[in-house]
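# Close look at the chain arrangement
Here is what each chain is made of, one letter per residue.
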Amino acid sequence: MLELISAARRRKRPPTHQLFDLVSMNFRVGLLDLDLNLQMSTGKYVRIMDRCRLEHAVLTGLLNRMIGARTNTVEANTEIAYIRELRPYQRFQVHTRILGWDEKYTYYDQRFQSQRKLHTHALHRLAHMYGGKPISPQAFQEMTGLNLTSPPLPEYVEDWKTLLQSKRRLTERDIGE
């Protein structure tokens, strides 16, 4: 909750980063962040990712534009690869960036690194909302006054989109039975 209050207070400051810039934050694993295996819990990873995306929105000026346009984003899908564990008191950085968007979603990339080694990599697919209904990223761009063009999405994002489409077909088939 304190992160939201802080973000709301800082949102009107001039942006220090461009929309596609990498935004990094430093952290340290605390004792309350641990699971039974004495490594950072998966729930803590997700919470930190949310906080870092919020910070990205503050530093790029996106949050202020979203509030002004009365829009918001919701998480549609997340894919997380846990490569190495983060241990008690270990320092790490989270690097957050927007990769781009397609006709329906915006894609974020987040990486947890410690001592220049990748520990966790996450992809996020976010939907934009206005008045409780989904809007396209292009409509979101127009409403927030950004009017930017998305760079081409990386091949690994296109592969992930294909996987998500396959999972959706499977889920729809299972529901129909």
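## What about the packing of aromatic side chains?
Taken as a whole, this structure holds six aromatic pairs when the rule is applied. Each ring, one from F27 and one from F92, has its centre 5.5 Å from the other, and the planes form 20°; the classification is stacked. Residue F27 is found in strand 1 (residues 23-28), and its partner F92 is found in strand 3 (residues 91-101); the two are separated by 65 residues along the sequence. Classification of F92 by relative accessible area gives buried; the value is 1%.

## Details of helix 4 (residues 137-144)
Listed in full, the buried residues belonging to helix 4 are P137, F140, Q141 and T144. The buried residues of helix 4 occupy one face: seen down the axis, they fall within an arc of 100°. Summarising the contacts, the buried residues of helix 4 are in contact with helix 3 (62-69), strand 2 (71-82), strand 3, strand 4 (106-114), strand 5 (117-130) and strand 6 (133-135). Taken from the residues just after helix 4, G145 is the one with a positive phi, measuring 80°.

## Remarks on the nonpolar core
If you look at soluble globular proteins, the nonpolar side chains tend to sit buried side by side. In terms of nonpolar packing, the biggest core is built from 15 residues, with A7, L19, L62, L63, Y108 and F140 touching the most fellow members. Residue assignment for this core shows that the elements contributing at least two residues are helix 2 (42-59), helix 3 and strand 3. Non-local contacts of L63, meaning those with residues more than four positions away in its chain, are made with A7, R11, L54, A57 and V58. Counting 14 residues, the second-largest nonpolar core is a separate cluster that includes M40, L86, F112 and A122.

Calculation rules
Residues numbered from 1 in each chain as written. Predicted model: local features only at pLDDT ≥ 70, side-chain atom pairs only at ≥ 80, totals over all residues. Heavy atoms only, no water. Phe/Tyr/Trp six-rings, centres within 6.5 Å; stacked < 30°, edge-to-face > 60°. Helix = DSSP H or I, 4+ residues; strand = E, 2+ residues; numbered from the N terminus. Buried < 20%, exposed > 50% of the residue type's maximum accessible area, 1.4 Å probe, protein only. Arc of directions from axis to C-beta. Contact = heavy atoms within 4.5 Å. Core = buried A, V, L, I, M, F, W, Y, C linked by side-chain atoms within 4.5 Å.

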